[in-house]
Amino acid sequence: MTLIAHDISVSFGTRRVLKNAGFDAAQPGQLTALIGPNAAGKSTLFRTIAGLVKSDTGTIVLDDTDLSALTTQQRLRRICFMPQFFTANAALSVFDVVLMAQKQLAGWRVTDADMTAVATALDSANIGHLADAYIGELSGGQAQIVSVCQALIRKSDVYLFDEPTSALDLRHQLDVMSRIKTAMKQRNAIGIVALHDLNLAARYADHLLLIGSGRVLAQGSPKSVLSDPLIAQTYQVAIQTGTGPREELNVHAYAD
Amino acid sequence: MSVTSTPHNDAVQSIVSNYRSRNQRRLLLLVGAVAALSITVMIDVMTGPASLTLQDVLSVIFNPSRASAQQKVIVWDLRLPIALMAICVGAMLGVAGAEMQTILNNPLADPFTLGLSSAASFGAALAIVLQWSLIPGAGVFFVTGNAFVMAMLTSLALYGFTRLRGVTPEAMILVGIAMLFTFNALLALLQYGASELQLAQIIFWQLGSLARASWDKVLICVIILAIVVPYFMSRSWSLTALRMGEEKAASLGVNVSFLRLSVLAGVSLLAAVAVSFVGAVAFVGLVGPHIARIIVGEDQRGFLPCSALAGALIMSGTSIASKAITPGVIYPIGMITSLIGIPFFVSLILSQRKRHWQ
Ligand SMILES: Nc1ncnc2c1ncn2[C@@H]1O[C@H](COP(=O)(O)OP(=O)(O)O)[C@@H](O)[C@H]1O
Ligand SMILES: [Mg+2]
């Protein structure tokens, strides 16, 4: 099972936001980091894959299925998309927020299995103590962890996480990324994560996908993409890579 | 050997049992509200000129052979329709307010504050004064039909307005108030050329009154509730998801624009029927859901029934109050709900930033 996008163009009004963007087959069990500066089109690419935005041209193929042949509902069963922004001011308990994803928004009957699944998910995300709290009362970071938990409880073939670590402290960034990576491995699912932190991307991703002004500029192993001169050009910074004390790939950026 | 429980298993079990007991508490609360409602209905039937004892009422209802003919007339023909109409209309307005607040993402929304009620009044007045029917062939329902068409058109205008970028909840309310003034002015225009009889009818709409309740109307309200509420319930997960933002709901598979439009149609129907039977009763759709939100939160499985029950309790209480304030005088209910609702409304606006919105 693979996910391939080919020649995707998306416009809002007369403005083209994605310009013939495409990527090579994303493999099951692997994590791809989607990187690129602000307004590069990362979120738009995710929305397009999820079917929430219509593309003018191009095809997205999942495992021999052209996704445009599916209804939005069918498509969203196979592709789990966690949006970058959500309203976290509601008087909804954390348990209910995760439960609604477990129930796929259908059916009133909440079985024992449903409840156990939700409780297990909350416990393994270390937010069991927040189960009864309203999401409106959580900190931004806690709400983001709930959102990741809500996405991970769904059983899909493809998972798209739009900046899942933007509000998190160091410890929780590492937690969330390793949870996502493990889940992709265990489920043999295709994972794509939009990230701003290149070090995090280098550490956890099997592949990097660099996008700038709506075009896919580079893709491949973290090492190859991060040492590509295009990345410095895209971000408009000087970039130097090195190896950290634990043999991990390090990225340093300089503004001059 | 018994199953050894790991710390994780214990944690999971305690989360599940907490959730269970929360649900049980919620259910208990709803049962309690239903019980309270049956008590207020009883009190409502007992009070009024020629007050009856609880025993009188119970014997009329459950043991008719022992009750006097006069008591039967008072209970069956006069008071029971009014008491039941009060709870039906209260539930309709409570549900309408709750879902308007949900789909417009605005805690200040209610059929009255957004001008739906005055639009419906105007539609009804068109039928009464000019005999215009906006739905051809609506027959005996043409007053209600007109009220519905006007309410729906206003809903659509409001819906269009929410599509504009950067519209705050407060700005929406200002637009709603502009609608309210517009329709009141148009209504005044119609009053100018109305006959005395028509005028009395229009004033009835403006002030809000339960006096014209009848069994037929109660039945229609029950039918409308029986159509709209199950639809809303069937959409409850989607509506709950919508509270987390449009994109989140869409990513979970909600067809947001269809949901909004269909719920808006349901809300317009509820508001229009309520208004065409009892007039423009203010703020019940605001206060009911607000109480529900404080007590059970915004998960629709609790929020929807609780808003309906809170609305029904408010209206039933208002019906009692309208007779009890001055013996022998029955005040228009719209006046009373306004007096209760306005402080609520103002405090809601002032506490916006601290609440679960924005
Ligand atoms: N719904 C929309 N309507 C109009 N323009 C949009 C919309 N969504 C995104 N854009 C524009 O598309 C560009 C890419 O946005 P986005 O995909 O959110 O970037 P990123 O997620 O990489 O920061 C931005 O310039 C943004 O203003
Ligand atoms: Mg983005």
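Residues numbered from 1 in each chain as written. Chains lettered and ligands numbered in written order. Predicted model: local features only at pLDDT ≥ 70, side-chain atom pairs only at ≥ 80, totals over all residues.

### Points about the overall build of chain B
At step 1: Within chain B one finds 14 helices and zero strands.
At step 2: Secondary structure elements of chain B occur, N-terminal to C-terminal, as α-α-α-α-α-α-α-α-α-α-α-α-α-α.
At step 3: Over its C-alpha trace chain B gives a radius of gyration of 22 Å, about what one expects of a compact globule, namely 21 Å for 358 residues.
At step 4: In terms of overall dimensions, chain B has C-alpha extents of about 80 × 60 × 40 Å along its principal axes. (Helix = DSSP H or I, 4+ residues; strand = E, 2+ residues; numbered from the N terminus. Rg over C-alpha atoms; globule rule 2.2 N^0.38 Å.)

### Some remarks on the overall build of chain A
At step 1: Scanning chain A from terminus to terminus reveals nine helices and 12 strands.
At step 2: Relative to the compact-globule value of 18 Å for 256 residues, chain A shows a C-alpha radius of gyration of 18 Å, a close match.
At step 3: C-alpha atoms of chain A, sized along the principal axes, occupy 55 × 45 × 35 Å.
At step 4: The buried share of chain A, reckoned over its 256 residues, is 45%.
At step 5: Considering only intrachain contacts with a sequence separation of at least 6, the fraction spanning at least 24 residues in chain A is 64%. (Buried ≥ 20, exposed ≤ 12 C-beta atoms within 10 Å, placed from the backbone. Contact = placed C-beta atoms within 7 Å.)

### Thoughts on the interface of chain B and chain A
At step 1: Counting from both sides, the interface comprises 29 residues of chain B and, opposite them, 32 residues of chain A.
At step 2: Of all the elements in the fold, those that place two or more residues in the side of chain B that touches chain A are helix 1 (7-46), helix 9 (236-242) and helix 10 (246-251) of chain B.
At step 3: Class assignment of the residues belonging to the side of chain B that touches chain A gives a composition of 12 nonpolar, 10 polar and seven charged. (Nonpolar A, V, L, I, M, F, W, Y, C, P; charged D, E, K, R; others polar.)

### A word on the site of ligand 1
Residue and element names in this part refer to chain A.
At step 1: Taken together, the neighbourhood of ligand 1 is formed by Phe12, Val17, Gly36, Asn38, Ala39, Ala40, Gly41, Lys42, Ser43 and Thr44.
At step 2: Element by element, the count of residues in the shell around ligand 1 is highest for helix 1 (residues 42-50), at three residues.
At step 3: Residues belonging to the shell around ligand 1 are distributed by class as follows: four nonpolar, five polar and one charged. (Near = placed C-beta within 6 Å.)

### Concerning helix 12 (residues 284-296) of chain B
Residues and elements named next belong to chain B.
At step 1: Along its 13 residues, helix 12 runs 18 Å from first to last C-alpha, staying within 8% of the 18 Å computed at 1.5 Å per residue.
At step 2: Buried residues dominate helix 12, accounting for 10 of its 13 residues.
At step 3: One or two residues past the end of helix 12 sits Gly297, with phi positive at roughly 80 degrees. (Expected span 1.5 Å × (residues − 1).)

### What to know about unusual backbone geometry
Residue and element names in this part refer to chain A.
At step 1: With a phi close to 45 degrees, Glu163 is a non-glycine residue in the positive phi region.
At step 2: Mapped onto the elements of the fold, Glu163 is located in the loop between strand 7 (158-162) and helix 6 (170-187).
At step 3: Given 20 C-beta atoms within 10 Å, Glu163 falls into the buried group.
At step 4: Located in the positive-phi region is Gln236, a residue other than glycine, with phi close to 55 degrees.
At step 5: Mapped onto the fold, Gln236 is located in the loop between helix 9 (229-235) and strand 11 (238-243).

### Examining the confidence of the model for chain B
At step 1: Here chain B averages 87 in pLDDT, while 94% of its residues score no lower than 70.
At step 2: We note a pTM of 0.91 for the whole complex and an ipTM of 0.93 for its interfaces. (pLDDT = per-residue confidence, 0-100.)

### Some remarks on the sheet that holds strand 3 (residues 31-35) of chain A
Residue and element names in this part refer to chain A.
At step 1: A sheet is described by the order of its strands in space; here six strands give the open sequence 6-7-8-3-9-10, paired in mixed fashion. Only two strands of the sheet have a single partner each, and these edge strands are strand 6 (79-82) and strand 10 (215-220). Geometrically, the sheet is characterised by an average inter-axis angle of 15 degrees between neighbouring strands, direction not taken into account.
At step 2: In this structure, strand 7 lies alongside strand 8 (residues 190-194), joined through five bridges in parallel fashion. (Pairing = 2+ DSSP bridges. Axes fitted to C-alpha atoms, helices over the stretch in contact; angles between N-to-C directions.)

### Here we look at the nonpolar core
At step 1: One finds Val98(A), Leu122(A), Cys149(A), Leu160(A), Met85(B), Val89(B) and Met92(B) to be the most contacted residues of the largest nonpolar core, which totals 194 residues.
At step 2: Sort the elements by how many residues they give to this core and helix 3 (residues 69-103) of chain B lands first, with 19 residues.
At step 3: Residues in contact with Met85(B), not counting those within four places in the same chain, are Leu210(B), Ala213(B), Lys217(B), Val218(B), Cys221(B), Phe277(B) and Val278(B). (Core = buried A, V, L, I, M, F, W, Y, C linked by C-beta atoms within 7 Å.)

### Points about helix 4 (residues 112-124) of chain A
Residue and element names in this part refer to chain A.
At step 1: With 13 residues, helix 4 extends 18 Å between its outermost C-alpha atoms, agreeing within 8% with the 18 Å of an ideal straight helix rising 1.5 Å per residue.
At step 2: Buried within helix 4 we find Met115, Val118, Ala119, Ala121, Leu122 and Asp123.
At step 3: One or two positions beyond helix 4, positive phi appears at Asn126, with a value near 60 degrees.

### With respect to the sheet that holds strand 1 (residues 3-12) of chain A
Residues and elements named next belong to chain A.
At step 1: Reading across the sheet, the four strands line up as 2-1-4-5 and stay open at both edges, with antiparallel pairing between neighbours. Only two strands of the sheet have a single neighbouring strand rather than two, namely strand 2 (15-26) and strand 5 (65-66).
At step 2: For strand 1 and strand 2, the ladder comprises six bridges, and the chain directions are antiparallel. Bridging from a neighbouring strand, Ser11 pairs with Arg16 of strand 2.
At step 3: On top of the sheet, helix 1 reaches strand 1, strand 2 and strand 4 (57-62); it is set at about 65 degrees to strand 2, its chief contact.

### Some points on the pairing of strand 3 of chain A
Residues and elements named next belong to chain A.
At step 1: Counting buried positions along strand 3 yields five of five residues, so the element is predominantly enclosed.
At step 2: Residue alternation in strand 3 divides its side chains into two sets, Leu31, Ala33 and Ile35 and Thr32 and Leu34, and both sets are buried.
At step 3: One ladder, built from four bridges, connects strand 3 with strand 8; its direction is parallel. Following the sheet pairing, Leu31 is matched in strand 8 by Gly191.
At step 4: In terms of strand pairing, strand 3 meets strand 9 (residues 207-212) through four bridges, oriented parallel. Paired with Leu34 across the bridge in strand 9 is Leu209.

### A short note on the packing of helix 3 of chain B against helix 12 of chain B
Residue and element names in this part refer to chain B.
At step 1: Interaxial distance between helix 3 and helix 12 falls to 7 Å at its minimum, and their mutual angle equals 70 degrees. Considered as vectors, helix 3 and helix 12 are oriented roughly perpendicular to each other. Within the contact between the two elements, helix 3 uses Gly90, Leu93, Gly94, Ala96, Gly97, Ala98 and Gln101 and helix 12 uses Val284, Gly285, Leu286, Gly288, Pro289 and Ala292.
At step 2: Of the residues assigned to the contact of helix 3 with helix 12, the class counts are seven nonpolar, six polar and no charged. (Parallel < 35°, antiparallel > 145°, perpendicular 65-115°, else oblique.)

### A look at the pairing of strand 8 of chain A
Residue and element names in this part refer to chain A.
At step 1: Burial within strand 8 is extensive, with five of its five residues counted as buried.
At step 2: Side chains Ile190, Ile192 and Ala194 project from strand 8 onto one buried face, and the interleaved Gly191 and Val193 project onto a second face that is buried too.
At step 3: Once you follow strand 7 into helix 6 and on to strand 8, the crossover reads as right-handed. (Right-handed = clockwise from strand over helix to strand, strands pointing away.)

### Description of the packing of helix 3 (residues 94-102) of chain A against helix 5 (residues 140-152) of chain A
For any two helices packed against each other, one specifies the crossing angle of their axes together with the interaxial distance.
Residues and elements named next belong to chain A.
At step 1: Look at helix 3 against helix 5: their axes get within 8 Å of each other, and the N-to-C directions meet at 30 degrees. Looking at the two axes, helix 3 sits roughly parallel to helix 5. In this structure, helix 3 crosses over helix 5, and the sense of that crossing is right-handed. For the pair helix 3 and helix 5, contact is made by Val94, Val97, Val98 and Ala101 and by Val146, Cys149 and Gln150, respectively.
At step 2: Taken together, the residues that form the contact of helix 3 with helix 5 break down as six nonpolar, one polar and no charged. (Left-handed = near helix turned anticlockwise from the far one by under 90°.)

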